[in-house]
Number of protein chains: 2
Amino acid sequence: MTLPEQHLLTTTLSAITPTNAKMRQTARQRLDQLAIPHWALGRMMNLAEDLAAITSSMQPNIKRKSIAVMAGDHGIVAAGVSKFPQAVTMEMVRNFVNEAASINALARQVGAQVTVVDAGVAGDLSELAKSDKIISKKVALGTANFAEGPAMSREQAIQSIEAGIEVAEQLADSTDLFGTGDMGIGNTSPSSAIIATLCDRSIADVTGRGTGLDDEALNAKVATLEKALALNQPDPRDGIDVLAKVGGFEIGAIAGLILGAAAQHKPVMIDGIISTAGALIAASLSPASVEYMIAGHCSVEQGHRIALECLGKQPLLDLDLRLGEGTGGAIAMNLVEAAVAILTEVATFEEAAVSQPKEI
Amino acid sequence: MTLPEQHLLTTTLSAITPTNAKMRQTARQRLDQLAIPHWALGRMMNLAEDLAAITSSMQPNIKRKSIAVMAGDHGIVAAGVSKFPQAVTMEMVRNFVNEAASINALARQVGAQVTVVDAGVAGDLSELAKSDKIISKKVALGTANFAEGPAMSREQAIQSIEAGIEVAEQLADSTDLFGTGDMGIGNTSPSSAIIATLCDRSIADVTGRGTGLDDEALNAKVATLEKALALNQPDPRDGIDVLAKVGGFEIGAIAGLILGAAAQHKPVMIDGIISTAGALIAASLSPASVEYMIAGHCSVEQGHRIALECLGKQPLLDLDLRLGEGTGGAIAMNLVEAAVAILTEVATFEEAAVSQPKEI
């Protein structure tokens with residue numbers, strides 16, 4: 001992979017270091033001694049370990065939560081890959097701003113703030129940006145149709161990633177735990193194309209019904225994406241090339257948010273298939289960034305489980321979600337809180353004066 | 001099954017009616033119209049429907065949460081079915097009272113109160129009861145060893161169920177959402193015996209390692225339980241007979257708590273395999289009570305998944321937990337809050353002025 005020379009992306013990548021192995025060990029030592037049958041809180045204890053390693057602390061700070069919902073449009077909707085009209089991307093941005101969408105409700109429940117970012121919506125949202133309702137990082141008015149050529153230029157791909165890094169930096173002072181979110185009609189198509197490329201799988205393996213395609217429309221979507229990959233030939237060794245040829249602006253921004261969080265040594269909750277496509281781009285640029293990612297859930301959307309396995313991540317939840325917006329990640333943030341409670345509030349056998357198991 | 005004639009159990013059973021089908025339909029109508037791809041929040045939406053039906057409300061009240069941790073001891077530990085000494089039951093009760101156990105930490109995280117109930121601990125906890133640190137409903141100083149005869153008398157079985165009903169009544173004024181919890185060294189053994197009997201499965205199918213048995217000890221546990229079932233011949237058509245012959249006092253109290261919650265038309269979160277054994281007893285006495293149960297998680301303990309399937313319940317979480325105490329249910333209470341947020345705070349297409357899908 002050719003590393004980009006741009007300043008922000010380069011400095012961000014060089015700031016990402018592996019998580020704290022010593023603190024992980026310290027956490028494990030305490031968790032091993034809790035007054036419960038050994039490791040009886042299962043994956044919650046693994047999560048607690050991860051959080052100690054990520055934050056370099058036995059009291060991981062995850063109180064202030066920010067979910068960044070990255071919005072962008074997709075030229076490939078012209079090929080009929082979605083049931084919803086493209087205008088819905090903009091309408092949903094307004095719905096987020098009005099705090100009436102699913103992500104608003106679920107973020108509120110877990111005490112997270114929602115930040116909406118225009119990474120490349122095909123319409124004018126400048127009045128929302130002027131009034132600070134959204135952050136404008138618009139790269140362009142939607143991507144080009146990657147069924148006919150690259151979705152964006154290499155420069156735009158880098159710009160979209162840097163947009164996400166800048167959002168992470170802007171939120172840094174008010175955020176202990178980041179969450180990714182997405183909005184973009186048609187964006188399961190670039191996600192499938194990215195996953196197929198970076199996980200070396202066929203399009204058919206990783207392409208699902210999105211917002212609700214029937215069999216015929218699904219087959220047409222698969223055929224469109226197969227042709228698009230054959231046309232564009234994205235290079236799987238170069239995440240920026242993959243993003244440029246078959247990606248989306250909001251997917252680049254998600255990758256950037258993840259890289260920015262990792263550079264800050266803070267955990268970042270990954271939502272559904274679109275967010276995980278962004279996570280794969282981030283991982284291709286910085287393998288160490290994967291250690292900062294928490295997989296919130298596994299969606300119904302075919303390809304998400306494959307993408308998570310490819311990242312080496314086991315999702316916390318499996319609730320048949322297929323919405324995006326950051327919703328699955330928001331729900332999973334509750335589990336991050338619970339994991340921290342296990343690490344910080346549960347007594348050991350010795351502290352609690354509880355007898356240890358005998359050998360039988 | 002012969003219905004008991006005791007007053008409290010009889011009146012409780014007769015107060016349990018099916019949940020509100022009309023409110024379920026009203027909830028579904030709203031959820032169908034939310035400004036998301038249809039049913040894209042998956043099982044969270046099914047949970048939202050359930051909560052509307054249980055509470056007969058489009059604004060389900062689940063704010064005040066109470067987890068009752070039922071404690072009891074088991075004569076069958078004499079047969080070597082657990083790695084932990086029996087004294088740990090009492091030690092853990094003190095740990096709960098000191099608010100230093102896992103259930104305390106996880107209940108705190110979700111804003112639930114913890115109530116500890118002595119349903120039949122083999123030791124003197126009267127000073128904790130006198131100072132109102134625990135509720136004493138002690139049926140006896142632990143069950144008899146059901147490898148050698150019935151665990152308890154039929155009268156004691158009814159007494160333990162009524163203990164749970166009384167706890168539900170005592171907590172009624174401060175509780176919108178109940179949670180079940182258990183503490184009792186050896187209590188996966190009666191749970192497996194109950195599940196095998198009521199779900200018509202072999203002991204080997206439903207018996208696991210409990211707090212951490214090795215292969216040899218697991219085989220011995222299976223053999224012990226097989227002999228115990230052959231000796232006691234519990235009647236699968238009579239839940240009280242099953243509880244009396246191979247159950248436990250805390251399992252009876254859990255069944256009672258569930259019946260009490262259902263009689264109050266309030267949701268009750270079911271924790272792990274011991275709680276689910278209690279739920280099976282409750283279901284055998286009142287099939288309608290199942291509609292008030294929410295399955296919090298599926299544990300590692302073999303037999304739990306079978307018991308949940310037998311109840312017709314899909315668990316919310318699957319996190320390799322195997323602790324009990326109510327911990328898995330506590331974590332899942334966060335998802336109940338999230339489901340209510342979806343029902344009550346998310347705008348419909350019309351409310352949000354978002355375009356609906358076209359047919360393609």
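Just so you know, these numbers come straight off a predicted model, no measurement behind them. (Residues numbered from 1 in each chain as written. Chains lettered and ligands numbered in written order. Predicted model: local features only at pLDDT ≥ 70, side-chain atom pairs only at ≥ 80, totals over all residues. Heavy atoms only, no water.)

Draft legend 1. Local environment of the overall build of chain A. Counting its regular elements, chain A contains 16 helices and six strands. Buried residues in chain A amount to 66% of all 360 residues. Summed over its atoms, the accessible surface of chain A is roughly 12,200 Å², and 48% of this surface lies on carbon and sulfur atoms. (Helix = DSSP H or I, 4+ residues; strand = E, 2+ residues; numbered from the N terminus. Buried < 20%, exposed > 50% of the residue type's maximum accessible area, 1.4 Å probe, protein only. Areas by Shrake-Rupley, 256 points an atom, 1.4 Å probe, with all protein chains shown as cover.)

Draft legend 2. Structural detail: the relation of the copies chain B and chain A. The transform that puts chain B on chain A rotates by 180 degrees and translates by 0.0 Å along the axis, for an RMSD of 0.0 Å. As the rotation angle and translation indicate, the two copies are arranged about a two-fold axis. Looking at chain B, 100% of its interface residues are interface residues in chain A too, so the copies touch through the same face. (Least-squares fit on C-alpha atoms with pLDDT ≥ 70 in both. Contact = heavy atoms within 4.5 Å.)

Draft legend 3. Structural detail: the domain arrangement of chain A. Residue and element names in this part refer to chain A. Domain annotation for chain A reports domain 1 (8-60 + 343-352) and domain 2 (65-336). For domain 1 and domain 2, the distance between their C-alpha centres works out to 28 Å. Contacts between the two partners involve 15 residues from domain 1 and, on the opposite side, 26 residues from domain 2. Each partner contributes to the roughly 1,800 Å² buried at the junction of domain 1 and domain 2, and carbon and sulfur atoms together form 69% of this total. Across the domain 1-domain 2 interface, the total number found is five residue pairs in polar contact (both at pLDDT 80 or more). Breaking the side of domain 1 that touches domain 2 down by element, the ones donating at least two residues are α1 (7-15) and α3 (42-55). Ranked by residue count, the leading element in the side of domain 1 that touches domain 2 is α3, at six residues. Counted by class, the side of domain 1 that touches domain 2 contains 10 nonpolar, four polar and one charged residues. (Domains from an automatic or database assignment. Buried area = accessible area lost by both parts, 1.4 Å probe. Polar contact = N/O pair within 3.5 Å; in protein donor to acceptor, adjacent residues only side chain to side chain. Nonpolar A, V, L, I, M, F, W, Y, C, P; charged D, E, K, R; others polar.)

Draft legend 4. Representation of the environment of B:Q86 within the structure. Residue and element names in this part refer to chain B. Relative to the helices and strands, Q86 resides in the loop between β1 (65-72) and α4 (87-97). Judged by relative accessible area, which is 29%, Q86 ranks as partly exposed. As a C-alpha pair, Q86 and G326 span 240 residues in sequence and 19 Å in three-dimensional space. Ignoring sequence-local partners within four residues, the contact set of Q86 consists of D73, H74, V77, A122 and I185.

Draft legend 5. Local environment of the sheet that holds strand β4 (residues 177-183) of chain B. All names here are of chain B. Strand order in the open sheet formed by six strands is β3-β2-β1-β4-β5-β6, with parallel pairing between adjacent strands. This sheet does not close on itself; its edge strands, each paired only once, are β3 (135-136) and β6 (293-295). Relative to β4, β1 runs parallel, the two being bridged by seven bridges. In the strand pairing of β4, A68 is matched with T180. Set on the sheet, helix α5 (residues 102-110) makes contact with β1 and β2 (112-120); between it and β2 the angle comes to about 145 degrees. (Pairing = 2+ DSSP bridges. Axes fitted to C-alpha atoms, helices over the stretch in contact; angles between N-to-C directions.)

Draft legend 6. View of the confidence of the model for chain A. Overall, the predicted model of chain A reaches an average pLDDT of 96, with 98% of residues at or above 70. Of the two predicted TM-score estimates for the complex, the pTM is 0.97 and the ipTM is 0.97. (pLDDT = per-residue confidence, 0-100.)

Draft legend 7. Structural view of the pairing of strand β4 (residues 177-183) of chain A. Residues and elements named next belong to chain A. The buried fraction of β4 amounts to seven of the seven residues, a majority that puts the element mostly inside the structure. Of the two faces of β4, the one lined by L177, G179, G181 and M183 and the one lined by F178, T180 and D182 are each fully buried. Sheet analysis places β4 next to strand β5 (residues 268-270), joined by two bridges and oriented parallel. Across the sheet, G179 pairs through a bridge with M269, a residue of β5.

Draft legend 8. The interface of chain B and chain A, seen in detail. Tallying the contact residues gives 58 residues for chain B and 58 residues for chain A. At the boundary of chain B with chain A, total buried surface from both sides reaches about 4,800 Å², with 63% on carbon and sulfur atoms. Linking chain B with chain A are two salt bridges. In this structure, the connection of chain B to chain A is made through 16 residue pairs in polar contact (both at pLDDT 80 or more). Secondary structure elements with two or more residues in the side of chain B that touches chain A: α3 (42-55), α4, α5, α15 (327-345) and α16 (349-352) of chain B. By residue class, the composition of the side of chain B that touches chain A is 35 nonpolar, 12 polar and 11 charged. (Salt bridge = Lys/Arg side-chain N within 4 Å of Asp/Glu carboxyl O.)

Draft legend 9. Representation of the packing of helix α15 (residues 327-345) of chain A against α15(B). Where α15(A) meets α15(B), the closest approach of the two axes is 9 Å, and the angle between their N-to-C directions is 150 degrees. When the interaxial angle is binned, α15(A) and α15(B) end up roughly antiparallel. Once α15(A) is placed against α15(B), the crossing between them reads as right-handed. Residues A:I331, A:N334, A:L335 and A:A338 of α15(A) touch α15(B), and the partners they reach there are B:I331, B:N334, B:L335 and B:A338. Residues of the contact of α15(A) with α15(B), tallied by class, amount to six nonpolar, two polar and no charged. (Parallel < 35°, antiparallel > 145°, perpendicular 65-115°, else oblique. Left-handed = near helix turned anticlockwise from the far one by under 90°.)

Draft legend 10. Highlighting the sheet that holds strand β2 (residues 112-120) of chain A. Taken in spatial order, the six strands of this open sheet run β3-β2-β1-β4-β5-β6 (chain A), and their pairing is parallel. The sheet terminates laterally at β3 (135-136) and β6 (293-295) of chain A, the two strands that pair on one side only.

Draft legend 11. Main features of the packing of aromatic side chains. Summed over the entire model, instances satisfying the criterion amount to two aromatic pairs over all chains. The interplanar angle of 20 degrees and the centroid separation of 6.2 Å between the aromatic rings of A:F84 and B:F349 together place this pair among those described as stacked. Note that A:F84 is positioned in the loop between β1 (65-72) and α4 (87-97) and B:F349 in helix α16, a pairing that runs across two chains. Neither A:F84 nor B:F349 differs from the other in exposure class; each is buried. Geometry around A:W39 places A:R28 over its ring, the cationic atom sitting 4.5 Å from the centre. (Phe/Tyr/Trp six-rings, centres within 6.5 Å; stacked < 30°, edge-to-face > 60°. Lys NZ or Arg CZ within 6 Å of the ring centre and 35° of its normal.)

Draft legend 12. Seen up close, the state of the cysteines. Residues and elements named next belong to chain A. This model, assessed by the stated rule, comprises two disulfides over all chains. Put simply, C199 and C310 are joined by a disulfide, and their sulfur atoms are 2.5 Å apart. Residues C199 and C310 are joined through a disulfide that is left-handed, its torsion about the S-S bond being -105 degrees. With C199 in the loop between α8 (188-198) and α9 (203-206) and C310 in helix α14 (residues 304-311), the pair connects residues that are 111 residues apart, well separated along the chain. Judged by its relative accessible area of 14%, C199 is buried. Free of any disulfide, C298 has its nearest neighbouring cysteine sulfur in C199, separated by 13 Å. (Disulfide = S-S within 2.5 Å.)

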